[in-house]
Amino acid sequence: MAKSRTLYICNQCGAEFSQWFGKCSACNSWDSLIEQVSGPVTTNNRLGLLNQEWRKDGGRSPTQSGQPRAAITLDAISDQAVLRMDSGYSELDRVLGGGIVQGSLVLIGGEPGIGKSTLLLQMANQLSQNHAVLYVSAEESGQQVKLRAARLGVGEEEEEEEKPKLKHGFDAVIEPKPKSKKGEKLEEPQSKFFLLPETDLEEILRELEALKPRLAVIDSIQTIYFPSLSSAPGSVAQVRECTSALMQVAKRENITLFIVGHVTKDGSLAGPRVLEHLVDTVLYFEGDRFASHRLLRSMKNRFGATHEIGVFEMVAQGLAEVPNPSELFLGNRDEKVSGTCTIVACEGTRPIVVELQALVSPTSYGSPRRATTGVDNNRLLQILAVLEKRVGIPLSKLDTYVASAGGLGVEEPAADLGIAVSVVASFRDRLVDPRTVIIGEVGLGGQVRAVSQLELRLKEAAKLGFKRAIVPKGQSLPDLGLTIIPVGRVLDAIVSAIPVQPPSEGSPESELELDELDL
């Protein structure tokens, strides 16, 4: 009788090892190997391949090579339009590439309590008006899901619309529908939202085969288990096998599947990396627990652009869409504060106007502090070095703090010039024109480099009422109603953005004027 063996599987990349190591040699991750006992190893398939038993099904021999056995050309495949469904939320449709693709697998992850289940429950309620929807709750009981649905107002709007009103606004009395007599066919239920509190994968697959819903939600994949495997739910083998089985049923029955995944301490999706390779779309729910807005970002999408974002706001009735996120991340332009400027960041194909804030103050310690919120700290250090070396602003003995309004993560290089201008404005205690947007990448030589999607950024700025734009030199732009100021160096952008004015009260008098700075 063959014996079972012990394997050590990396929960990051799925690599298998016969003994435990502190570091995975495949993905270089530390302390990621998990022990798993596998069944007896059979060698029938391997011996069959070596003995060329696979040729018994009528395959051609190597002497008749050059002719395909089952492969076809691209011209032989018929063209079919990608069918998409409206999710009921335009922000979610944007992230998915224009709607929900039928038969696709979508993996959504995020911190606990960020709103993953809330969004999927609201989406399932919207789609259940026209299609059958199955919501598999593996973490909550049916009563808990019903309480959450009542809090979110799921199903209340339809009842209010169907209830007629009298002339003076009072509710009309509706006569009860007669019950069906014996032998008559019962009417189908009006609600097409079905709930299944279950953790057994086999029961879930049977329900999918029987109901054949248009959309199914699995909440969550780490709590579902396959009884044939001896490992615990949430292990690498369980997550891989459960996802693979669900994918096969979804593709065969053309069921759109939304899978909720847990995240680790560092924010990445828990489980093997193969989980992200199996699905068609990977979405991340981001947001600060102290803020009300939530960002839904696409990290992988086989049917649309990646790095698209959808903006939601957490309210009492659940998640509400934010149609114009620029107003959310744009500060009060009527309040004049030194060290602030406005940039236009691009997340996928969506431009967002963001306000950057900088604070420069004398340090109280031997080494100055550099802290950021929403901005890459290494990027800030590089920009500070350019300002000191190429522009001549002494920042080596000053604390520097940079933040984006609303905590939005701005990591693209197009925000470099805005960071540099805001730091200089705080250092000089000057005001930047609130009707000016600043766009550009800063090179190590002090030059301003071109950025992508510049026309799209300027259209968003013009729509919000901005009058001037400082952009990199050398890019041809149409007339958008903005005063375009092309610059080639960081110093030129600083002079154009910060007007020469007397220092405000409390600013140091020993600072040099901007026109005296030289490269």
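1. Some remarks on the packing of helix 10 (residues 377-391) against helix 11 (residues 416-428)
How two helices sit against one another is set out by the angle between their axes and by the gap between those axes. Contact geometry of helix 10 with helix 11 gives a least axis separation of 10 Å together with a crossing angle of 60°. One element, helix 10, and the other, helix 11, form an angle in the oblique class. The way helix 10 lies across helix 11 gives a crossing that is right-handed. Residues Arg379, Leu380, Ile383, Leu384 and Leu387 of helix 10 pack against Asp416, Ile419, Ala420, Val423 and Val424 of helix 11.

2. Things to note about the sheet that holds strand 7 (residues 133-137)
Ordered in space as 8-7-9-10-6-11-12-13-14, the 9 strands form an open sheet in which the pairing is mixed. Single-partner strands in this sheet number two, and they are strand 8 (193-196) and strand 14 (318-321). With direction set aside, neighbouring strand axes in the sheet form an average angle of 25°. Direction of pairing for strand 11 (residues 281-286) relative to strand 12 (residues 293-301): antiparallel, over a ladder of 6 bridges. Opposite Phe285, over in strand 12, you have Leu296 as the bridge partner. The sheet strands contacting helix 6 (residues 201-211) are strand 7, strand 8 and strand 9 (215-219), and the helix crosses strand 7 at an angle near 170°.

3. So, the nonpolar core
For soluble globular proteins, the rule of thumb is that nonpolar side chains tend to be buried together. The biggest cluster of nonpolar side chains holds 48 residues, and the ones touching the most others in it are Leu387, Leu395 and Val423. Element by element, the count of residues in this core is highest for helix 11, at 8 residues. Apart from residues lying up to four places away in sequence, Leu387 is in contact with Gly392, Ile393, Leu395, Ala420, Val423, Val424, Val490 and Ile494. Met247, Leu257, Leu269 and Leu275 belong to the second-largest nonpolar core, a separate cluster that totals 30 residues.

4. Section: unusual backbone geometry
Between Asp219 and Ser220 the backbone carries a cis peptide bond, its omega angle lying at 5°. For Asp31, which is not glycine, the phi torsion reads 50° and is therefore positive. Summarising the element assignment, Asp31 is placed in the loop between strand 2 (16-17) and strand 3 (33-38). Overall, the relative accessible area of 62% leaves Asp31 in the exposed class. Not every positive phi belongs to a glycine, and Lys212 is a case in point at roughly 50°. Relative to the helices and strands, Lys212 is located in the loop between helix 6 and strand 9.

5. Focus on the packing of aromatic side chains
Under the counting rule described, the total for this entry stands at 3 aromatic pairs. A ring pair is formed by Phe17 and Phe21, whose centres lie 5.9 Å apart and whose planes are at 70°; its orientation type is edge-to-face. Using a relative accessible area of 15% as the deciding quantity, one classes Phe17 as buried.

6. Some thoughts on the confidence of the model for the protein
Do not read the predicted coordinates in detail wherever pLDDT is low. Of the residues in the protein, 81% have a pLDDT of 70 or more, and the chain-wide mean is 82. Confidence drops under a pLDDT of 50 for residues 41-50, and excluding neighbours within four residues, the segment shows 4 contacts in the predicted structure.

7. Observations regarding a nonpolar patch on the surface
Together, Ile72, Leu74 and Ile77 give the surface a local cluster of nonpolar side chains, amounting to about 350 Å² of exposed area. If you trace the backbone, Ile72 turns up in the loop between helix 1 (44-50) and strand 4 (84-85). On the accessibility criterion, Ile72 (60% relative accessible area) is exposed.

8. Details of helix 4 (residues 142-152)
Taken as a whole, helix 4 has its buried residues at Val145, Arg148, Ala149 and Leu152. Seen end-on, helix 4 carries its buried residues on one side only, within an arc spanning 100°. Summarising the geometry of helix 4, the exposed residues directed more than 90 degrees from the buried face are Gln143, Lys146, Leu147 and Arg151. In this fold, the buried residues of helix 4 make contact with helix 3 (116-127), strand 7, strand 8 and strand 14. Just beyond helix 4, the residue with positive phi is Gly153, at close to 75°.

9. Observations concerning the pattern of salt bridges
Applying the stated criterion to the full structure yields 19 salt bridges. Through salt bridges with shared partners, a single ionic network connects Arg379, Asp416, Glu441 and Arg449.

10. Some remarks on the packing of helix 11 against helix 13 (residues 490-497)
Interaxial distance between helix 11 and helix 13 falls to 10 Å at its minimum, and their mutual angle equals 60°. What the angle tells us is that helix 11 and helix 13 run oblique. Regarding helix 11 and helix 13, the two cross each other, and that crossing is right-handed. Two secondary-structure elements touch here, helix 11 through Leu417, Ala420, Val421 and Val424 and helix 13 through Val490, Ala493, Ile494 and Ala497. A per-class count over the contact of helix 11 with helix 13 returns 8 nonpolar, no polar and no charged.

The rules behind these values
Residues numbered from 1 in each chain as written. Predicted model: local features only at pLDDT ≥ 70, side-chain atom pairs only at ≥ 80, totals over all residues. Heavy atoms only, no water. Axes fitted to C-alpha atoms, helices over the stretch in contact; angles between N-to-C directions. Helix = DSSP H or I, 4+ residues; strand = E, 2+ residues; numbered from the N terminus. Parallel < 35°, antiparallel > 145°, perpendicular 65-115°, else oblique. Left-handed = near helix turned anticlockwise from the far one by under 90°. Contact = heavy atoms within 4.5 Å. Pairing = 2+ DSSP bridges. Core = buried A, V, L, I, M, F, W, Y, C linked by side-chain atoms within 4.5 Å. Buried < 20%, exposed > 50% of the residue type's maximum accessible area, 1.4 Å probe, protein only. Phe/Tyr/Trp six-rings, centres within 6.5 Å; stacked < 30°, edge-to-face > 60°. pLDDT = per-residue confidence, 0-100. Patch = residues over 30% accessible without salt bridge, like charges linked within 9 Å, V, L, I, M, F, W, Y side chains within 5 Å. Areas by Shrake-Rupley, 256 points an atom, 1.4 Å probe, with all protein chains shown as cover. Salt bridge = Lys/Arg side-chain N within 4 Å of Asp/Glu carboxyl O. Arc of directions from axis to C-beta. Nonpolar A, V, L, I, M, F, W, Y, C, P; charged D, E, K, R; others polar.

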